[in-house]
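Coordinates in review
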Amino acid sequence: MRIEIAKTPQAAAESIAARIIKVLTEKPDAVLGLATGATMEPVYQALIAAHRRGEVSFAQAMSFNLDEYCGLSPTHPGSYRATMNRLLFDHVDIDHSRTFVPDGAMADPVLAAADYEERIAGAGGIDLQLLGIGRNGHIGFNEPGSAFDSHTRQVSLHPETLKANQGFFADGSVPHHAITMGIATILAARSILVLATGGAKSTAVSQAIEGPVSAECPASALQQHGDVCWVMDTAAAGGLSRAKAS
Ligand code: F6R
């Protein structure tokens, strides 16, 4: 596991963007696993800026997002599909038909989940998975207690997650269910990049990196992966026993 501690959230986000650009430069048809959430917004801004400067192309890439709320149409502004279009896909040269988000509007979530796993497998698996981390240690929407051998499935969101995500909905009413890649789906990615910024993430970060590998902290499962890089700012690193900004 590699750990990079940047001085500011912006520097951490730019480092993540630079790592994504490097992957796309070396493998233009890379399969990217993408995440939503406030932490990712400066990453996508940095990628858009780099694309406008001609430093990166997504034309041959493919993407799979981690998760989607259930019961929202893809055009609902709170849906992760609409969010990804707004924050990244509409501003770069990615082929929208090669961007995938779980289908939260499908009547049968079991079918939607199985279809997603099949599509990921059909794409040859994920080369680089981008992750944020929840204050309770969740990755994707794998809340504490999620099995490490879980695959894409419908889940109930933890009250803490509902509260954290209220701000993304004009009326504050966050759907209570989502479809998420499972922990096993995430661990199957060839390489994983995790971004954590802000002091509110410091406990989750230290438990994930230095705590026991336990379902109580889903992100601790990343200790079992051979190619994980954590990038964080000094505030998120505050709970680590040996943290020093580079
Ligand atoms: C989003 C996702 C979540 C977020 C996490 C952190 O697709 O899968 O695990 O990465 O909830 O969210 P923010 O960045 O809003 O703190």
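Below: a short report on this structure.

What counts, and where the lines are drawn
Residues numbered from 1 in each chain as written. Predicted model: local features only at pLDDT ≥ 70, side-chain atom pairs only at ≥ 80, totals over all residues. Heavy atoms only, no water. Helix = DSSP H or I, 4+ residues; strand = E, 2+ residues; numbered from the N terminus. Rg over C-alpha atoms; globule rule 2.2 N^0.38 Å. Buried < 20%, exposed > 50% of the residue type's maximum accessible area, 1.4 Å probe, protein only. Contact = heavy atoms within 4.5 Å. Lys, Arg positive; Asp, Glu negative; His and termini not counted. Charge placed at Lys NZ, Arg CZ, Asp CG, Glu CD. Phe/Tyr/Trp six-rings, centres within 6.5 Å; stacked < 30°, edge-to-face > 60°. Core = buried A, V, L, I, M, F, W, Y, C linked by side-chain atoms within 4.5 Å. Salt bridge = Lys/Arg side-chain N within 4 Å of Asp/Glu carboxyl O. 1 Å grid on protein atoms, 1.4 Å probe; cavity = no way out; pocket = protein on both sides within 12 Å on 5 of 7 lines; lining within 4 Å. Points joined across faces, edges and corners; volume = space filled by probe spheres on them. Nonpolar A, V, L, I, M, F, W, Y, C, P; charged D, E, K, R; others polar. Pairing = 2+ DSSP bridges. Axes fitted to C-alpha atoms, helices over the stretch in contact; angles between N-to-C directions.

**Quick notes on the overall build of the protein chain**
Counting secondary structure elements, the protein chain contains seven helices and ten strands. The C-alpha atoms of the protein chain give 17 Å as radius of gyration, which agrees with the globular expectation for 246 residues (18 Å, within 12%). If one aligns the C-alpha atoms of the protein chain with their principal axes, the spans along those axes are about 45 × 45 × 35 Å. Evaluated residue by residue, the protein chain yields a buried proportion of 54% over its 246 residues. When contacts within the protein chain are restricted to residue pairs at least 6 apart in sequence, those whose partners lie at least 24 apart make up 78%. For the protein chain, the distance from the average site of its 18 positive side-chain charges to the average site of its 25 negative ones is 7 Å.

**What about the packing of aromatic side chains?**
For the structure shown, the criterion picks out six aromatic pairs. Ring geometry for Phe64 versus Tyr116: centroids 5.7 Å apart, planes at 75°, classification edge-to-face. Here the residue Phe64 occupies a position in strand S3 (residues 62-65), and Tyr116 occupies one in helix H4 (residues 109-122), the gap between them amounting to 52 residues. The same class applies to Phe64 and to Tyr116, which are both buried. A connected cluster of aromatic rings, assembled from ring pairs, spans Tyr69, Tyr80, Phe141 and Phe169.

**Here we look at the nonpolar core**
Grouped together as the largest cluster of nonpolar side chains are 64 residues, with contacts concentrated most on Ile20, Val43, Leu222, Trp230 and Met232. Counting residues per element, this core draws most heavily on helix H1 (residues 9-26), at seven residues. Contacts of Leu222, omitting those with residues within four sequence positions, involve Leu131, Ile139, Ile186, Leu187, Ile192, Val194, Val228 and Trp230. Among the nonpolar cores identified, the runner-up in size contains eleven residues, and Val101, Phe169, Val174 and Ala178 belong to it.

**Details of the pattern of salt bridges**
Opposite charge on two side chains permits pairing when their charged atoms draw close. For the structure shown, the criterion picks out seven salt bridges. Between Glu4 and Arg19 there is a salt bridge, with its nearest N and O atoms 2.4 Å apart. Of the two residues, Glu4 sits in strand S1 (residues 2-6) while Arg19 sits in helix H1, which places them 15 residues apart along the sequence. In this structure Arg19 comes out as partly exposed when scored by relative accessible area, which is 26%.

**What to know about the layout of surface pockets**
Volume-wise, the largest pocket comes out at about 500 Å³. Considering every element that reaches the lining of the largest pocket, the biggest residue donor is helix H5 (residues 159-165), with four residues. Its residues placed into classes, the lining of the largest pocket shows ten nonpolar, eleven polar and four charged. Counted as a void, the second largest pocket has a volume near 270 Å³. Lining the second largest pocket are 13 residues; nearest its centre among them are Arg2, Arg19, Val23, Leu128 and Ser191. Only H1 and strand S9 (191-196) provide two or more residues apiece to the lining of the second largest pocket. Examining the composition of the lining of the second largest pocket, we find that four residues originate from one element, H1, more than from any other. Partitioning the lining of the second largest pocket into residue classes produces five nonpolar, one polar and seven charged.

**Re the sheet that holds strand S7 (residues 153-156)**
Read from one edge to the other, the open sheet built from three strands follows the order S4-S8-S7, with strand pairing classed as antiparallel. Edge strands, defined here as strands with exactly one partner in the open sheet, are strand S4 (67-69) and S7. Each strand of the sheet is rotated relative to its neighbour by a mean of 30°, with strand direction disregarded. When S7 meets strand S8 (residues 177-180), the two strands line up antiparallel, connected through four bridges. Paired with Val155 across the two strands is Ala178, which belongs to S8.

**Quick notes on the environment of Ile186**
Residue position: Ile186 is located in helix H6 (residues 183-187). Since its relative accessible area comes to 0%, Ile186 is described here as buried. Considering only alpha carbons, one finds Ile186 and Phe148, 38 residues apart in sequence, at a separation of 9.7 Å. The contact partners of Ile186, leaving out residues within four places of it in the chain, are Leu66, Gln129, Leu131, Ile139, Gly140, Asn142, Met181, Ile192 and Leu222.

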